Amino acid sequence: MPFNSLDYFLFLPAVYLVFYLVGDRARWGVLLAASFGFYAALKVPYLPAVLALVAVTTYCFGIWLHRAQAPGTKRMLLWGGIAANVLVLVAMKYLPFLSENLRAVTQFFSLELQVPAVRALVAIGVSYYVFQAISYLIDIYFEIEEPEPHFGYFALYLSFFPKLLQGPIERTGDLLPQLKTPYRFDYDNMRYGMLLFAWGLFKKMVLADRLGIYADAVYNDIHAANGMQLLLGTYAYAFQIFMDFSGYTDMALGTARLFNINLTQNFNSPYLATSVADFWRRWHISFSRWILDYIFKPLQMQWRDWRTWGTALALVAAFLVSGIWHGASWGFVIWGGLHGLYMACSVFYKPYQKKLYQKLGIQKSPYLKYWQMLVTFHLVCFAWVFFRVNSLSDALYICRFPFVSADNGLHKVLVHGFHAQKAGVVLVAGVVVAAYGVLARNEQALIIWNRYCALRWLCYNALLLALILLGGESQGHFIYFNF
Amino acid sequence: MELQERLNEVFCQVFDDEDIRIAPEMTADDIDGWDSLSHVNLIVAVETTFGIRFTHKEVLTFKNIGDLLNCIAAKVQ
């Protein structure tokens, strides 16, 4: 049941109504039943069973970890709990990829080993709650958190429906205490939650899906596209994935707000980042924090005697994991590897870069900041090519293609299926989203927003009207569902 | 020399800034250039200066400079 479906528009008010009418002692039960119902609505019978398995296993390992006294037993239990979760993830997502590559290797070496073909399973949401379960166990091991004694609350922490399919990946300390807080109706939370939800719908249905039409037209037939179209197709995809995912996150945060729950904000203007490291502080924040804390930092500590080389290696390893997490394909592995490589290189050149800027006296120049934003955006876009392409041969074709060629006249920029009217809507909607980004941080604008009720209602109605008039071409599914 | 002053020197050296003045309640947000990438350089410099070795658990659970100072004090005693 995606957030932008009619089913969800009926499901959410019904859940809220029951949640509101029952007492605090039963509210966790309502949300847990709703979350499993929400997951079961995907009509994949084994998915709720996998969620229940992860919940029971992680709950038990958490309790055993806390009770264990000997450091050796604790370590064994931690690795046991992590292995159980990783096994679930591998079984659900990576077996077809492993079997396919193993068969290619056996064929290459002419080995007589029979590797069976494995059918791909639907694994929506699994990588998100498995990562959350692993973070729960590690935090107990390091005594950052206590295990949750109430199985119901723990299962709800893993399965809470607004963040079940696509995150944010929540830390125990951030979400569990909120789930236990008694509910009191809060008008501001209700208003803000609904507005955020509608805003997310606008980003997804009006902007992301239109950009997707252009990106798909280019990327699904790249040999027919000219250089300018490939470049614009890549830019369109960069903004499509951002609007798609941040739109989803707004809807998740908006839904949770109705229940007085604040989920982690996943985005902070990522394309204004001035370095790739800065990009990862602004893009899919809950995930990058996870990768940083549970993969990068332990590896960096382990390899700290190798100094800069140790940090660089830890970065490449952490981002390769990040790539593989997104899915079982070489495109994702290369995408992660590229980000790892960008950051590993920066570890070596950063001190010299800083000295160079100081010598030139440009370290505080705004132009330097704009230049860094432009370079970072293009580095990120180059990596997106590998993320989006249908095959690696397509990616290599794009890398070899001269973007500036003789037939790059602007009149040829629009592609089949994407005419000037759609481009106009994208431009206007893009300006609206950018303006919101600026105004939401402006104190004067916020004062005016809070003071004039008529202005607020005008904006709410304009937003609804835009959704009704322009949301019809929505494709429905979200990109990050696949991960 | 007092522990905090010696640690201050390490910070100045690692982050290449003579003006840094550390305090127990300060965190990475308060010091320019102290991010997750440079964090381990700081840890290695502290280990070398004080002749100590931190465990993974200690490094992962430092919340501010105060925690780092307490841990160094416990190890050098």
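The residue numbering used here restarts from 1 in each chain and proceeds along that chain's sequence as written. Think of it this way: whatever chain is written first is A, whatever ligand is written first is 1, and the rest follow in order. pLDDT decides what is reported in this predicted model: residues at 70 or higher carry local features, side-chain atom pairs at 80 or more are listed and counted, and totals for whole chains, interfaces and linings draw on all residues regardless. The side-chain quantities take in all heavy atoms of the structure and omit both hydrogens and water.

Engineer: Break down the overall build of chain B for me, citing the residues and quoting the values.
Structural biologist: Strands are runs of DSSP state E lasting at least two residues, helices are runs of H or I lasting at least four, and both sets are numbered from the N terminus onward. Along the backbone of chain B there are four helices and zero strands. Helices (α) and strands (β) of chain B occur, in sequence order from the N terminus, as α-α-α-α. Here the analysis covers contacts within chain B between residues at least 6 apart in sequence; of these, 47% occur between residues at least 24 apart. Only the protein chains shown count as cover for residues, and all accessible areas are computed by the Shrake-Rupley method using a 1.4 Å probe. Accessible surface computed for chain B: about 4200 Å², of which carbon and sulfur atoms make up 45%. By the counting rule applied here, Lys and Arg register as positive and Asp and Glu as negative, while His and the ends of each chain are not counted. Charged groups are reduced to one reference atom each: NZ for lysine, CZ for arginine, CG for aspartic acid, CD for glutamic acid. Taking the average location of the 6 positive side-chain charges in chain B and that of its 15 negative ones, the two points are 12 Å from each other. Any two residues whose heavy atoms approach within 4.5 Å at even a single point are treated as in contact.

Engineer: Would you mind going over the overall build of chain A in detail, with residue names and values included?
Structural biologist: Of regular secondary structure, chain A possesses 18 helices and zero strands. Radius of gyration (C-alpha) of chain A: 24 Å, near the 23 Å computed for a compact globule of 483 residues. For the C-alpha atoms alone, the extent of chain A along its principal axes is close to 70 × 70 × 55 Å. Taken over 483 residues, chain A has a buried fraction of 51%. For chain A, restricting intrachain contacts to residue pairs at least 6 apart in sequence, the fraction spanning at least 24 positions comes to 75%. Put simply, chain A shows about 23300 Å² of open surface, and 67% of that area lies on carbon and sulfur atoms. Between the centroid of the 37 positive side chains of chain A and the centroid of its 25 negative side chains there is a distance of 6 Å. For the radius of gyration, the atom set is restricted to C-alpha positions; the globular benchmark scales as 2.2 Å times the number of residues to the power 0.38. A 1.4 Å probe rolled over the protein chains alone gives each residue an accessible area, and that area as a share of the maximum for its type sets the label: buried under 20%, exposed over 50%, partly exposed in between.

Engineer: Residues and numbers for the domain arrangement of chain A, please.
Structural biologist: Accessible area lost when the parts come together is the quantity often used to give the size of an interface. All names here are of chain A. Taken as a whole, chain A is organised into domain 1 (6–183) and domain 2 (186–267 + 409–483). Each domain's limits were defined by an automated method or a database of domain assignments. One C-alpha centre belongs to domain 1, the other to domain 2; they are set 29 Å apart. Listed per partner, the contact involves 24 residues of domain 1 and 21 residues of domain 2. The salt bridge criterion pairs a side-chain nitrogen of Lys or Arg with a carboxyl oxygen of Asp or Glu, the two atoms within 4 Å. Counting every contact that joins domain 1 to domain 2 gives zero salt bridges. Identification of polar contacts relies on pairs of N or O atoms within 3.5 Å, with a donor-acceptor requirement for protein atoms, meaning one able to donate a hydrogen and the other able to accept it, and with residues adjacent in sequence counted only if both atoms are side-chain atoms. Applying the counting criterion to the domain 1 and domain 2 interface returns four residue pairs in polar contact (both at pLDDT 80 or more). When contributions to the side of domain 1 that touches domain 2 are tallied by element, the ones reaching two or more residues are α1 (6–21), α5 (126–141) and α7 (172–180). Counting residues per element, the side of domain 1 that touches domain 2 draws most heavily on α1, at six residues. Gly falls in the polar group here, along with every residue not listed as nonpolar (Ala, Val, Leu, Ile, Met, Phe, Trp, Tyr, Cys, Pro) or charged (Asp, Glu, Lys, Arg). Classifying every residue of the side of domain 1 that touches domain 2 gives 17 nonpolar, four polar and three charged.

Engineer: Could you give an account of the interface of chain B and chain A, with specific residues and numbers?
Structural biologist: Each partner contributes residues to the interface: chain B has 16 residues there, and chain A has 22 residues. Between chain B and chain A, roughly 1800 Å² of surface is buried when both sides are summed, and carbon and sulfur atoms account for 59% of that area. Taken together, the links from chain B to chain A amount to three salt bridges. Residue B:Glu47 pairs with A:Arg304 through a salt bridge whose shortest N-O separation is 2.7 Å. Counting across the chain B and chain A interface gives five residue pairs in polar contact (both at pLDDT 80 or more). Elements that contribute at least two residues to the side of chain B that touches chain A include exactly α2 (36–50) and α3 (56–61) of chain B. If you tally residues by element for the side of chain B that touches chain A, the top one is α2(B), at six residues. Here the residues of the side of chain B that touches chain A are counted per class, giving eight nonpolar, four polar and four charged. For any pair of parts, buried area is found by adding up, for both, the accessible area (1.4 Å probe) each one loses once the two are put together.

Engineer: I'd love a proper account of the confidence of the model for chain A, names of residues and values included.
Structural biologist: Confidence of the predictor in every single residue is expressed as pLDDT, which spans 0 to 100. Residues with a pLDDT of 70 or more make up 93% of chain A, whose mean pLDDT is 86. Here helix α16 (residues 420–439) of chain A stands out as the least confident element of chain A, with mean pLDDT 74; helix α6 (residues 151–159) of chain A is the most confident, with 95.

Engineer: Which residues make up the state of the cysteines, and what are the values?
Structural biologist: Residue and element names in this part refer to chain A. By convention in this document, the label disulfide applies to cysteine sulfur atom pairs within 2.5 Å. Scanning the model with the defined rule gives zero disulfides over all chains in all. Here Cys345 stays unpaired: no disulfide links it, and the sulfur of Cys399, its closest cysteine neighbor, is 16 Å away. Take Cys345: its relative accessible area is 39%, and that puts it in the partly exposed class.

Engineer: Can you explain the side chain of A:Asp278? Please cite residues and give values.
Structural biologist: Residues and elements named next belong to chain A. For Asp278, the location among the structural elements is in helix α10 (residues 276–282). Asp278 sits in the buried class, given a relative accessible area of 11%. Polar side-chain contacts of Asp278 include one of 2.9 Å to the backbone nitrogen of Thr274. Setting aside its immediate chain neighbours within four residues, Asp278 contacts Leu272 and Ala273.

Engineer: Give me the packing of aromatic side chains: which residues, what numbers.
Structural biologist: Residue and element names in this part refer to chain A. Each Phe, Tyr or Trp ring, with Trp reduced to its six-membered ring, pairs with another whose centre is within 6.5 Å; inter-plane angles below 30 degrees give stacked pairs, above 60 give edge-to-face pairs, and intermediate values give tilted ones. Taken as a whole and assessed by the stated rule, the structure comprises 64 aromatic pairs over all chains. Seen in terms of ring centroids, Phe267 and Trp283 are 5.1 Å apart; in terms of plane orientation they differ by 80 degrees. Their pairing is edge-to-face. Of this pair, Phe267 sits in the loop between α9 (227–258) and α10 while Trp283 sits in the loop between α10 and α11 (285–302), placing them 16 residues apart in sequence. Accessibility classification places Phe267 together with Trp283 in one group, the buried group. Note on criteria: charge over ring means Lys NZ or Arg CZ within 6 Å of the ring centre, with the direction from the centre no more than 35 degrees off the ring normal. Its guanidinium or amino end placed over the ring of Trp325, Lys93 lies 5.6 Å from that ring's centre, counting from NZ or CZ.

Engineer: Before we move on, can you summarise the side chain of A:Lys203 with the specific residues and values?
Structural biologist: Topologically, A:Lys203 is positioned in helix α8 (residues 187–219). Excluding its chain neighbours within four sequence positions, the residues that come into contact with A:Lys203 are A:Ala208, A:Met243, A:Ser246, A:Gly247, A:Asp250 and A:Val433.

Engineer: I'd like a description of the UniProt feature "transmembrane region" (unreviewed entry) in chain A, backed by residues and values.
Structural biologist: UniProt positions are given in the numbering used here, feature names are shortened, and annotations may be inferred rather than shown by experiment. Under the UniProt annotation, the feature "transmembrane region" (unreviewed entry) is placed at residues 7–26, 46–65, 77–97, 306–326, 332–349, 370–387, 423–440 and 452–472 of chain A. Structurally, residues 46–65 of chain A is divided into 100% helix and 0% strand, and its ends, taken at the C-alpha atoms, are 28 Å apart.

Engineer: Could you give an account of the pattern of salt bridges, with specific residues and numbers?
Structural biologist: All chains considered together, the criterion is met by 17 salt bridges over all chains. With a shortest N-O distance of 3.4 Å, B:Lys57 and A:Glu143 are connected by a salt bridge. Residue B:Lys57 is located in helix α3, and its partner A:Glu143 is located in the loop between α5 and α6; the two belong to separate chains. Close ionic contact of A:Arg171 with A:Asp293 constitutes a salt bridge, the shortest N to O distance being 2.6 Å.

Engineer: Can you lay out helix α4 (residues 65–76) of chain B for me, pointing to particular residues and giving the numbers?
Structural biologist: Count 3.6 residues to each turn of an α-helix, and residues three or four apart come out pointing the same way. Residue and element names in this part refer to chain B. Over its 12 residues, α4 extends 16 Å from the first C-alpha to the last, a length consistent with the 16 Å expected when each residue adds 1.5 Å. Looking only at α4, the buried set comprises Ile65, Gly66, Leu68, Leu69, Cys71 and Ile72. Sitting at the head of α4, Asn64 places a side-chain oxygen 3.1 Å from the backbone nitrogen of Gly66. By this rule the span expected of a helix is its residue count minus one, scaled by 1.5 Å.

Engineer: Explain the environment of A:Val90 to me, and be specific about the residues and the numbers.
Structural biologist: Residues and elements named next belong to chain A. Counting through the fold element by element, Val90 comes out in helix α4 (residues 71–108). Along the chain, Val90 and Ser127 lie 37 residues apart, while their C-alpha atoms are 9.6 Å from each other. If near-sequence neighbours (up to four positions away) are discounted, Val90 is found in contact with Leu95 and Leu98.

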